[in-house]
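# Observations on the three-dimensional arrangement
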Amino acid sequence: MNSQADRALAPLGTPAFRRLWLATATAHTGYWAQSVAVAWWLVEREYGPQVVALAHVSSSLPVLLLSYGSGWLIDRFDYLRVQRAAQGWVLLTSVALLALMCVHSPSPHGLLLLTGLMGAGVALRNPAWQAGIGQIVSLRHLSAAIVLSSVAFNLARTLGPLIAGLFISVWGVWSAFLYNAITTCILFVTLQWPRVQHAETRPKAACALAPISPRSRAWLGCLCLRAAGIGFPTSALLALLPTVASTEHKDPHAYVALLGAFGGGGLVAAVIRPRLIRVLSPDHLLDICCVIFATCLLFVAWRPNGHLLGPVALAGATWLILFSTLNVAVHSHSESSYRGRALATYMTSAFGGMAAGGLLWGWLAELRGCDAALLVAAAVLSCGLVFHRPRVCQGPG
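Note that this is a predicted model, so its numbers are computed, not measured.

## What about the overall build of the chain?
The helix and strand tally for the chain stands at 13 helices and zero strands. When contacts within the chain are restricted to residue pairs at least 6 apart in sequence, long-range pairs at least 24 apart make up 87% of them. Here the chain displays about 15900 Å² of accessible surface, and carbon together with sulfur accounts for 68% of that area.

Right, dumping it as C-alpha cells:
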C-alpha cells in the first residue's frame, strides 16, 4: 500500500507541478465555497429547484461554449499564457461578485450572470492546466499527475463546503465570496512565477493547426459522446443536492455535509483506482462505475431513513473514477500537436452534458419533484449502458 501511495504521489516531487497543484487546489476550495454560498443563498430565499439548479448550470454552461476555443489557443500559443489570462479574468469576476454581495442584496439574475462570467474564465483556464501537465511531469508520472489533478478538485469539493459552512455560520454569505477572491488571487500570483519547462515542450507555431487524422477524429468523437452520456445523467445529483438537503434540514450544514461526503468519496477512489485498473480494463471500469452511480441516484431518490451520506460518498468515488479515466485516455492517446483541442473537446462534451442535464433535471424537479428527476436520471444512465457504450479507453482502433 505504501508503494502504491508513493506512485500516486510521485508527481508532487516535481517542484513546478507541486507549486501549481497546491495553488490550483486552493483556488478550487474557494470556488466551491462560493458555489455553496450561491446555492444556499437561493435556497434561503425560497427560490424553486429550477432556479437553484441554474447555479450549477451557470458554472457548467461556459465550459460548453468556450472550452474548444481554449483548446485552439493552447495549441496556438503557450499554455501558461492562456492560464494567466484566464485566471486574471476569474480574479476580476470574483472581486465583482464580492462587491455585489457587499453593496446590496443582489437579484438572482445578476448573481447567476456573474457566476457564469467567472465560469467562462474557468472554462479557458482548466484545459490549459490539463494540457500543461504533460509538459511539467515526465511521461511515466503522467497518469498519476492527471489523477492528482482530479484529486485536487475533489479535495476542494470536500474542504470548500466545510469552509463555506464555517464562514457562513460566523460571518455570513459574503465571507465565502471573500475567501474565493483571496484564493483566486493566490493562484494568479503563483502563475506569474517563472515556469520550469519539461524537455517535451515544443514550439507552438510549428504545429498550432496540425490536422487530426480521420481515425483519431472518429475515436475522439466516440470518447466525447461517452463523456456527454455520462455527464448528462450524473449532473442530476449535484444540481439537485441543495434542494434535497433543504427538504431534510433548514440550514446549510446538511448540504455542506453531503458535498463533503461526495468529495471524500473521490479522495478514497484516487487511492484505490490504480489497483482497480490493474484488475479491470478502463472501459469495463467505466461500465461498473455507471451502474454504481445509477444505484446511488436511486438511493438518494428513495432516501431510506434520510441516510444519504453513504450513497453520496459512493457516488463521489465513482464520479472521480469515471472522469479521471476518460481524462487519462485523452492524454494518453492524443498527439501533442492537437492535445489542447482534444482535451477541450472532451471537456466541452462532459460539461456540456452536465449543463444540459442541470437544465432538464431542474425543470423536471420543478414539475414532478426531485425524487422523480433523480429516478429518471438513473434510468437514462442505465439505458446508456445498454444502447451505447463504446470501447474508447484503448485509443484509436
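## Remarks on the nonpolar core
Counting residues in hydrophobic clusters, the biggest one holds 124 residues, and the most contacted among them are F17, F177, F323, L326 and Y346. When residues of this core are assigned to their parent elements, the largest contribution, 18 residues, is made by helix α2 (residues 15-44). Leaving out residues up to four positions away in the same chain, F177 has contacts with Q34, A37, V38, L97, L98, M101 and L111.

## Observations concerning the packing of aromatic side chains
Applying the stated criterion across every chain yields a total of six aromatic pairs. Considering the side-chain rings of F17 and W129, the 5.9 Å spacing of their centres and the 20° angle between planes classify their relative orientation as stacked. Taken together, the positions of F17 in helix α2 and W129 in helix α5 (residues 108-136) put the pair 112 residues apart, joining distant regions of the chain. Taken individually, F17 and W129 each receive the classification buried, so the pair is uniform in this respect. Look at W319 and F323: their rings are 5.0 Å apart centre to centre, the planes differ by 50°, and that puts the pair in the tilted class. In this pair, W319 and F323 both sit in helix α11 (residues 309-333), four residues apart, roughly one turn of the helix. Judged by relative accessible area, which is 9%, W319 ranks as buried. In this structure an aromatic cluster arises from ring pairing among F167, W171 and Y179.

## Topic: the side chain of Q34
Positionally, Q34 belongs in helix α2. Contact partners of Q34, with chain neighbours within four places excluded, come to L97, M118, A176, F177 and N180.

## A closer look at helix α12 (residues 339-368)
The terminal C-alpha atoms of α12, which comprises 30 residues, lie 42 Å apart, in line with the 44 Å expected from a rise of 1.5 Å per residue. Among the 30 residues of α12, 21 are classified as buried, and the element is accordingly described as predominantly covered. Following α12 by one or two positions, G369 adopts a phi angle in the positive range, close to 100°.

## A short note on the confidence of the model for the chain
When the pLDDT values of the chain are averaged, the result is 79; 86% of them are 70 or greater. Taken as a whole, residues 196-208 scores under 50 in pLDDT and shows 28 contacts with residues more than four places along the chain or in a different chain.

## Describing the packing of helix α10 (residues 282-302) against helix α13 (residues 370-387)
Where α10 contacts α13, the axes come no closer than 8 Å and their chain directions differ by 165°. Accordingly, the angle class assigned to the pair α10 and α13 is roughly antiparallel. Relative to α13, the crossing made by α10 is left-handed. The residues of α13 that touch α10, namely those facing D287, C290, V291, F293, A294, L297, L298, V300, A301 and W302, are D371, L374, L375, A377, A378, L381, S382 and L385. For the contact of α10 with α13, a count of residues per class yields 15 nonpolar, one polar and two charged.

## Some words on the environment of H333
Checked against the element boundaries, H333 lands in helix α11. For the pair formed by H333 and V392, sequence separation is 59 residues and the distance between their alpha carbons is 9.9 Å.

## Things to note about the packing of helix α9 (residues 253-279) against α11
Relative to each other, α9 and α11 sit at 50°, their axes nearing to 6 Å. Classified by the angle their axes make, α9 and α11 are oblique. When you trace α9 past α11, the crossing you get is right-handed. Contacts between α9 and α11 pair A257, L258, A261, F262, G265, G266, A269, A270, R273 and L276 from the former with L309, V312, A313, A315, G316, A317, W319, L320, I321, S324, T325 and V328 from the latter. Across the contact of α9 with α11, the residue classes break down as 16 nonpolar, five polar and one charged.

Basis of the calculations
- Residues numbered from 1 in each chain as written.
- Predicted model: local features only at pLDDT ≥ 70, side-chain atom pairs only at ≥ 80, totals over all residues.
- Heavy atoms only, no water.
- Helix = DSSP H or I, 4+ residues; strand = E, 2+ residues; numbered from the N terminus.
- Contact = heavy atoms within 4.5 Å.
- Areas by Shrake-Rupley, 256 points an atom, 1.4 Å probe, with all protein chains shown as cover.
- Core = buried A, V, L, I, M, F, W, Y, C linked by side-chain atoms within 4.5 Å.
- Buried < 20%, exposed > 50% of the residue type's maximum accessible area, 1.4 Å probe, protein only.
- Phe/Tyr/Trp six-rings, centres within 6.5 Å; stacked < 30°, edge-to-face > 60°.
- Expected span 1.5 Å × (residues − 1).
- pLDDT = per-residue confidence, 0-100.
- Axes fitted to C-alpha atoms, helices over the stretch in contact; angles between N-to-C directions.
- Parallel < 35°, antiparallel > 145°, perpendicular 65-115°, else oblique.
- Left-handed = near helix turned anticlockwise from the far one by under 90°.
- Nonpolar A, V, L, I, M, F, W, Y, C, P; charged D, E, K, R; others polar.

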